[in-house]
Amino acid sequence: MCLAIPARVEELLPDQMARVSVDGVGKIISIALVDDLTIGDYVVLHVGYALAKIDEDEAMATLALLREAAELGATP
């Protein structure tokens, strides 16, 4: 199963790379596949690559669903 998650662009780096935050966790990723990113944009992240830009509302809704799914799968 593949999982792509929303990430917020925190810093644009050289060589088509960026530092992003995934629900508070920092990661450096490739942004070579997505044009016109600015700090504060949200991207869909999969195995270290930004695949597409998404709007903030969609990113927040997806992160909320992922948190809910994690809570449901947690063992008591």
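Cut-offs used in this document
Residues numbered from 1 in each chain as written. Predicted model: local features only at pLDDT ≥ 70, side-chain atom pairs only at ≥ 80, totals over all residues. Heavy atoms only, no water. Helix = DSSP H or I, 4+ residues; strand = E, 2+ residues; numbered from the N terminus. Buried < 20%, exposed > 50% of the residue type's maximum accessible area, 1.4 Å probe, protein only. Contact = heavy atoms within 4.5 Å. Areas by Shrake-Rupley, 256 points an atom, 1.4 Å probe, with all protein chains shown as cover. Expected span 1.5 Å × (residues − 1). Polar contact = N/O pair within 3.5 Å; in protein donor to acceptor, adjacent residues only side chain to side chain. Salt bridge = Lys/Arg side-chain N within 4 Å of Asp/Glu carboxyl O. Patch = residues over 30% accessible without salt bridge, like charges linked within 9 Å, V, L, I, M, F, W, Y side chains within 5 Å.

Caption draft 1: The arrangement of the overall build of the chain in detail. Looking only at helices and strands, the chain features one helix and five strands. For the chain, the sequential pattern of α-helices and β-strands runs β-β-β-β-β-α. On the principal axes, the C-alpha backbone points of the chain span a range of 45 × 20 × 20 Å. Counting all 76 residues of the chain, 28% fall into the buried class. Of the contacts made within the chain by residues no fewer than 6 positions apart, 34% connect residues no fewer than 24 positions apart. Accessible surface computed for the chain: about 5,100 Å², of which carbon and sulfur atoms make up 56%.

Caption draft 2: Spotlight on helix H1 (residues 56-73). With 18 residues, H1 extends 26 Å between its outermost C-alpha atoms, agreeing within 8% with the 26 Å of an ideal straight helix rising 1.5 Å per residue. Between a side-chain oxygen at the N-terminus of H1 and the backbone nitrogen of aspartate 57 the separation is 3.2 Å; the capping residue is aspartate 55.

Caption draft 3: Expanded view of the pattern of salt bridges. Applying the stated criterion to the full structure yields three salt bridges. Among the ionic pairs, arginine 8 bridges to glutamate 10, the shortest N-O distance being 3.1 Å. For arginine 8, a relative accessible area of 29% translates into the label partly exposed. With a closest N to O distance of 3.6 Å, aspartate 41 and lysine 53 form a salt bridge. In this pair, aspartate 41 sits in the loop between strand E3 (25-30) and strand E4 (42-46) while lysine 53 sits in strand E5 (residues 49-54), placing the two residues 12 residues apart along the sequence. Looking at aspartate 41, the relative accessible area reads 17%, which means it is buried. For lysine 53, a relative accessible area of 41% translates into the label partly exposed.

Caption draft 4: Representation of a nonpolar patch on the surface. A cluster of nonpolar side chains, contributed by Leu33, Val47, Tyr49 and Leu51, occupies part of the molecular surface with about 430 Å² of accessible area. By the element assignment, leucine 51 lies in strand E5.

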